[in-house]
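# Fold and geometry: a report
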Amino acid sequence: MADLSHETHVLDLLPAYAIGSLDADELNRVEQHLLSCWDCRNELRAFQTVADQLGFAAPVAAPSPDLRDRLMQRVHSVNTVRSKGQEPVATPAPARPFWERLLPAWGLASLFLIIGLAASTLILWQRVGRLEFATAPGGMRAVPLSATGSVPSATGFVLISVDGDNGALVVDGLPPLGESQQYQLWLLRDGQRTSGAVFSTDEKSYGGTRIRAPRSLLDYFAVDITIEPTGGSPQPTGTRVLGGALPNP
Amino acid sequence: MKSSEDYTKFGDEKLISLIAQAHEQALTQLYDRYHRLVFSLALAIVNDRETAEEVTLDVFMRVWQKAGTYRAEQAKVSTWLTHIARHHAIDILRRRAARLDQSAIHWEDAISKLESSYPDPQESAEVSLRREHIHAALNQLPAEQRQALLLAYFGGYTQSQIAELLAQPLGTIKTRLRLAMQKVREFLNKENRSENKSIAAESAYSTKKEE
């Protein structure tokens, strides 16, 4: 491991970060540091393993005997969108589908049209040197992503709807991966990374996808994009290629 | 797969791959194996049976919908389940208002229950072993470090909230928490190493016998 002096790293904060007990100021410091420090991310994984074990310490208890039936009733109620033999569907869309509200009949094509238009706008903003957290048309927030040393040509940005319920990612300069790998977007919050999208890029190294998260995108602090096995991973395992801080508290 | 297939003979990873292909019986089998683990953890966090049952339902629904994203090389299935359960339960807990006063009482009680926790005859050998290891790891901690760790993990408190709850300086709580995590990490690493040695020794013994 490289020189892990406590002045330049956040080692003392990682145990508390792993169990989500840092207060906001230190949490921000750690998350900013982790965006660019492989060593600390590695050390964090060891503490996250410890955190995962702590759940086994809970005093043993049993739920109501009918809970299993209630689970299966719930499964049957969502099975209208999923049939046997198909890949599992993602979490149901948020209650207020922002993109569909904008252009209800256009579907996914319209999403990428919007992304394309916003990208053009953003490129113009970048050219005049104004881009940090830009406010895109319609009040959306546009967050630029920075390349890491592993793919220096990569660029990208995240668009977030006003209410934070919807978001989209556009990347350029990310080379297409083999069949066994895909890119995965992670959302950072309270020391934890949540998968927001798994996607591929085309032969022109361009790609885009909708971001899906269990909570409002305004609740997350930063995003990371890593290379993962096809279908994605529960937690990041591969090389980080892009990252950026979200303009959220 | 035939409906008469015996799902009890499948390992966890196989069940997950079947769930990803929408085999409901695989989900019920996984539920039978781990619902107590998930519910116990949720209950320890939210301290309310009804809410803990909702968390349990949400965890297994998430498995039903996201089984395809599970990666065995990253975590055991049981760990994946507890990871989802904890985060969901903590989210619920943090949305509750005026929590500090209520939970002070809850946690006095919960910590003592945890210390006297009994083995569950219905849980798998793997879960029992992991429960045993983590209890041993926690029991070797000084009481004040264990208390800080449990308040952070099960209570979902930040360090400053724990300092307020226990009327201790923030620096003291930070130190307790850091030391507690480091000691648990060292203890579990040692346990894993000795377990691996035992497995290697057993394996060598079996090979020798076969020869």
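## So, the overall build of chain B
- Looking only at helices and strands, chain B has 9 helices and 0 strands in total.
- Taken over 211 residues, chain B has a buried fraction of 45%.
- Counting contacts in chain B only where the partners sit at least 6 residues apart, residues at least 24 apart contribute 65% of the total.

## Observations concerning the overall build of chain A
- Regarding its fold elements, chain A presents 6 helices and 9 strands.
- Counting every position in chain A, which comprises 249 residues, the buried fraction comes to 40%.
- Within chain A, residue pairs in contact and separated by at least 24 positions form 57% of the contacts whose partners lie at least 6 positions apart.

## Quick look at helix H8 (residues 159-166) of chain B
Residues and elements named next belong to chain B.
- Taken together, the buried positions of H8 are Gln159, Ile162, Ala163 and Leu165. For H8, the angular spread of buried residues about the axis comes to 165°, placing them on one side.
- Phi for alanine 167, located one or two positions after H8, is positive at around 55°.

## Looking at the confidence of the model for chain A
Residue and element names in this part refer to chain A.
- Chain-level statistics for chain A give a pLDDT mean of 75 and a share of 72% at 70 or above.
- Per-element confidence in chain A ranges from a low mean pLDDT of 36 for helix H5 (residues 98-102) to a high of 95 for helix H1 (residues 14-18).
- Confidence drops under a pLDDT of 50 for residues 84-110, and excluding neighbours within four residues, the segment shows 30 contacts in the predicted structure.

## Re the interface of chain B and chain A
- Residue-level contacts link 62 residues of chain B with 50 residues of chain A.
- Among the elements of the structure, helix H2 (24-46), helix H3 (49-66), helix H4 (77-95), helix H5 (99-115), helix H6 (125-139), helix H7 (143-153), H8 and helix H9 (170-210) of chain B are those that each provide at least two residues to the side of chain B that touches chain A.
- Its residues assigned to classes, the side of chain B that touches chain A shows 30 nonpolar, 19 polar and 13 charged.

## Comments concerning the packing of helix H1 (residues 12-20) of chain B against H2(B)
Residues and elements named next belong to chain B.
- Between H1 and H2, the shortest axis-to-axis distance is 8 Å and the interhelical angle comes to 140°. The orientation of H1 with respect to H2, classified from their angle, is oblique. Seen from above, H1 lies across H2 with left-handed handedness. Contacts from Leu15, Leu18 and Ile19 of H1 reach H2 at Ala26, Leu27, Gln29 and Leu30.
- Looking at side-chain class alone, the contact of H1 with H2 contains 6 nonpolar, 1 polar and no charged residues.

## Examining the nonpolar core
- Among the nonpolar cores identified, the biggest contains 77 residues, and A:Ala18, B:Ile19, B:Val38, B:Ala42, B:Leu81, B:Ala85 and B:Ala152 are the most heavily contacted of them.
- Per-element accounting of this core gives the leading share, 14 residues, to H2(B).
- Each residue touching B:Ala85, except ones within four places of it in the same chain, is listed here: A:Gly55, B:Val38, B:Leu41, B:Ala42, B:Val55 and B:Val59.
- Grouped together as the second largest cluster of nonpolar side chains are 31 residues, A:Val158, A:Ala222, A:Val223 and A:Val241 included.

## Focus: the environment of B:Arg36
- On the secondary structure map, B:Arg36 appears in helix H2.
- In this structure the C-alpha to C-alpha distance between B:Arg36 and B:Glu123, which are 87 residues apart in sequence, comes to 7.7 Å.

## Section: the pairing of strand S3 (residues 155-160) of chain A
- Within S3(A), 6 of the 6 residues are buried, which leaves it mostly tucked inside the rest of the structure.
- What you see with S3(A) is no split at all: A:Thr155, A:Phe157 and A:Leu159 on one side and A:Gly156, A:Val158 and A:Ile160 on the other are buried throughout.

## Description of the packing of helix H4 (residues 67-78) of chain A against H3(B)
- With their axes 10 Å apart at the nearest point, H4(A) and H3(B) run at an angle of 45° to one another. Classified by the angle between their axes, H4(A) and H3(B) sit oblique to one another. As H4(A) packs across H3(B), the resulting crossing turns out to be right-handed. Here A:Leu67, A:Arg70, A:Leu71, A:Arg74 and A:Val75 of H4(A) lie close against H3(B), whose contacting residues are B:Glu53, B:Thr56, B:Leu57, B:Phe60, B:Met61 and B:Trp64.

## Points about H2(B)
All names here are of chain B.
- Counted at 1.5 Å a residue, the expected span for H2 with its 23 residues is 33 Å, but the 28 Å between its end C-alpha atoms falls short.
- A maximum bend of about 55° is found in H2 at tyrosine 34.
- With 20 of 23 residues buried, H2 lies mostly within the body of the structure.
- Two residues or fewer after H2 comes asparagine 47, characterised by a positive phi angle close to 55°.

## Describing the environment of B:His87
- Among the structural elements, B:His87 can be located in helix H4.
- The spacing of B:His87 and B:Ala42 is 45 residues in sequence and 9.4 Å in space, taken between C-alpha atoms.

## Here we look at the environment of A:Leu187
- Mapped onto the secondary structure, A:Leu187 falls in strand S5 (residues 181-189).
- Taking C-alpha positions, A:Leu187 is 9.1 Å from A:Ile225, a pair spaced 38 residues apart along the chain.

## Description of unusual backbone geometry
- In this structure, A:Ser205 is a non-glycine residue whose phi angle is positive, near 65°.
- Of note, A:Ser205 is situated in the loop between strand S6 (192-199) and strand S7 (206-211).
- Its identity as a non-glycine residue notwithstanding, B:Asn47 has a phi of 55°, on the positive side.
- Along the polypeptide, B:Asn47 turns up in the loop between H2 and H3.

## Re the pairing of S5(A)
Residue and element names in this part refer to chain A.
- The element S5 is largely enclosed, with a buried count of 8 among its 9 residues.
- Of the pairings in the sheet, the one linking S5 to strand S8 (residues 222-229) comprises 8 bridges and is antiparallel in character. Of the residues in S8, the one forming a bridge with glutamine 182 is glutamate 228.
- In the sheet, S5 pairs with S6 via 7 bridges, with the strands oriented antiparallel. Looking at the pairing, glutamine 184 lines up with valine 198 of S6.
- Once S5 ends, the chain turns through 2 residues before running back antiparallel as S6, passing aspartate 190 with a positive phi of about 50°.

Scoring rules and cut-offs
Residues numbered from 1 in each chain as written. Chains lettered and ligands numbered in written order. Predicted model: local features only at pLDDT ≥ 70, side-chain atom pairs only at ≥ 80, totals over all residues. Helix = DSSP H or I, 4+ residues; strand = E, 2+ residues; numbered from the N terminus. Buried ≥ 20, exposed ≤ 12 C-beta atoms within 10 Å, placed from the backbone. Contact = placed C-beta atoms within 7 Å. Arc of directions from axis to C-beta. pLDDT = per-residue confidence, 0-100. Nonpolar A, V, L, I, M, F, W, Y, C, P; charged D, E, K, R; others polar. Axes fitted to C-alpha atoms, helices over the stretch in contact; angles between N-to-C directions. Parallel < 35°, antiparallel > 145°, perpendicular 65-115°, else oblique. Left-handed = near helix turned anticlockwise from the far one by under 90°. Core = buried A, V, L, I, M, F, W, Y, C linked by C-beta atoms within 7 Å. Expected span 1.5 Å × (residues − 1). Bend = angle between axes of the 7 residues up to and from the residue. Pairing = 2+ DSSP bridges.

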